[in-house]
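Listed below are the residues making up each chain.
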Amino acid sequence: MAHKHGIIGYGGMGSWHHENIRDRIPQIDVVAAYDIRPEARAAAEKNGLKAYDTLEGILGNRDVDIVTVATPNNFHKELSIAALRAGKNVVCEKPVTMNAQELIEVMAVAKECGRLFSVHQNRRWDKDFRIVKKAIEDGLVGK
């Protein structure tokens, strides 16, 4: 059974997540998007998604069990908590929150709600990160 996925914030990163999930993860079916901007909702609909103009709309979709939060950083905490409380598993774009205390609060809600919360941290594939990883593996910098 494929998981149903919704995207909160269908801008550059939100649409990027849509394409990557669609093209690389057959077990997840991206079905919905929420954005406050009419042009973003139109783009989501053009790309085959049900577009919502309210947060309550997408969070109320019982078929959606995973959401990606891809909004400006200062909204990550409140949107992640709302999604968790609505029974969704959440993947949040980086930087995950504005400070460590906010992240602690989000993680506490995830635990309370029994939902998964993760951060999309794709930097591990960047060339500089791979070079440092190899240097560590090869013992070039000690333990």
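Residues numbered from 1 in each chain as written. Predicted model: local features only at pLDDT ≥ 70, side-chain atom pairs only at ≥ 80, totals over all residues. Heavy atoms only, no water.

### Concerning the layout of surface pockets
In this structure, the largest pocket spans a volume of roughly 300 Å³. Lining of the largest pocket is provided by His5, Trp16, His17, Asn20, Ile21, Arg24, Ile25, Ile28, Ile66, Thr68, Val91 and His120. Counting residues per element, the ones that place at least two in the lining of the largest pocket are helix H1 (12-24) and strand S4 (66-69). Residue contributions to the lining of the largest pocket peak at five residues, all from H1. Every residue along the wall of the second largest pocket is listed here: Ile8, Gly9, Tyr34, Asp35, Ile36, Arg37, Ala70, Thr71, Pro72, Phe75, Glu78 and Leu79. Looking at the lining of the second largest pocket residue by residue, the class counts come to seven nonpolar, two polar and three charged. (1 Å grid on protein atoms, 1.4 Å probe; cavity = no way out; pocket = protein on both sides within 12 Å on 5 of 7 lines; lining within 4 Å. Points joined across faces, edges and corners; volume = space filled by probe spheres on them. Helix = DSSP H or I, 4+ residues; strand = E, 2+ residues; numbered from the N terminus. Nonpolar A, V, L, I, M, F, W, Y, C, P; charged D, E, K, R; others polar.)

### Examining the packing of helix H4 (residues 76-85) against helix H5 (residues 100-113)
Following both chains from N to C, one finds H4 and H5 inclined at 5 degrees, their axes separated by 9 Å at the closest point. Between H4 and H5, the crossing angle belongs to the class labelled roughly parallel. Along the contact surface, H4 presents Lys77, Ser80, Ile81, Leu84 and Arg85, while H5 presents Glu102, Glu105, Val106, Val109, Ala110, Glu112 and Cys113. Here the residues of the contact of H4 with H5 are counted per class, giving six nonpolar, one polar and five charged. (Axes fitted to C-alpha atoms, helices over the stretch in contact; angles between N-to-C directions. Parallel < 35°, antiparallel > 145°, perpendicular 65-115°, else oblique. Contact = heavy atoms within 4.5 Å.)

### Observations regarding the sheet that holds strand S2 (residues 28-34)
Read from one edge to the other, the open sheet built from six strands follows the order S3-S2-S1-S4-S5-S6, with strand pairing classed as parallel. The sheet terminates laterally at strand S3 (50-52) and strand S6 (117-119), the two strands that pair on one side only. Shown here is a sheet whose adjacent strand axes are inclined to one another by a mean of 25 degrees, direction ignored. (Pairing = 2+ DSSP bridges.)

### Brief notes about the packing of aromatic side chains
Inspection of every chain in the model, using the stated rule, returns zero aromatic pairs. We note Lys50 situated over the ring of Tyr52; from NZ or CZ to the ring centre the distance is 5.1 Å. (Phe/Tyr/Trp six-rings, centres within 6.5 Å; stacked < 30°, edge-to-face > 60°. Lys NZ or Arg CZ within 6 Å of the ring centre and 35° of its normal.)

### Some remarks on the nonpolar core
One finds Ile8, Leu55, Ile58, Leu84, Val90 and Phe117 to be the most contacted residues of the largest nonpolar core, which totals 21 residues. If you list the elements that add at least two residues to this core, you get S2, helix H3 (55-59), S4, H4, strand S5 (89-92) and H5. With four residues, the single largest contributor to this core is H4. Those residues within four positions of Leu55 in sequence are excluded, and the remaining contacts are Ile8, Tyr34, Leu79 and Ala82. Within the second largest apolar cluster, 11 residues are counted, among which are Val30, Ala40, Ala44 and Ala51. (Core = buried A, V, L, I, M, F, W, Y, C linked by side-chain atoms within 4.5 Å. Buried < 20%, exposed > 50% of the residue type's maximum accessible area, 1.4 Å probe, protein only.)

### A look at a nonpolar patch on the surface
Together, Val132, Ile136, Leu140 and Val141 make up a nonpolar patch on the protein surface, roughly 420 Å² of accessible area in all. Within the secondary structure layout, Ile136 lies in helix H6 (residues 127-137). (Patch = residues over 30% accessible without salt bridge, like charges linked within 9 Å, V, L, I, M, F, W, Y side chains within 5 Å. Areas by Shrake-Rupley, 256 points an atom, 1.4 Å probe, with all protein chains shown as cover. Salt bridge = Lys/Arg side-chain N within 4 Å of Asp/Glu carboxyl O.)

### Observations regarding the state of the cysteines
This structure, assessed with the given rule, holds zero disulfides. Just so you know, Cys113 is unpaired, no disulfide at all, and the nearest cysteine sulfur is the one on Cys92, 15 Å from it. Looking at Cys113, the relative accessible area reads 26%, which means it is partly exposed. (Disulfide = S-S within 2.5 Å.)

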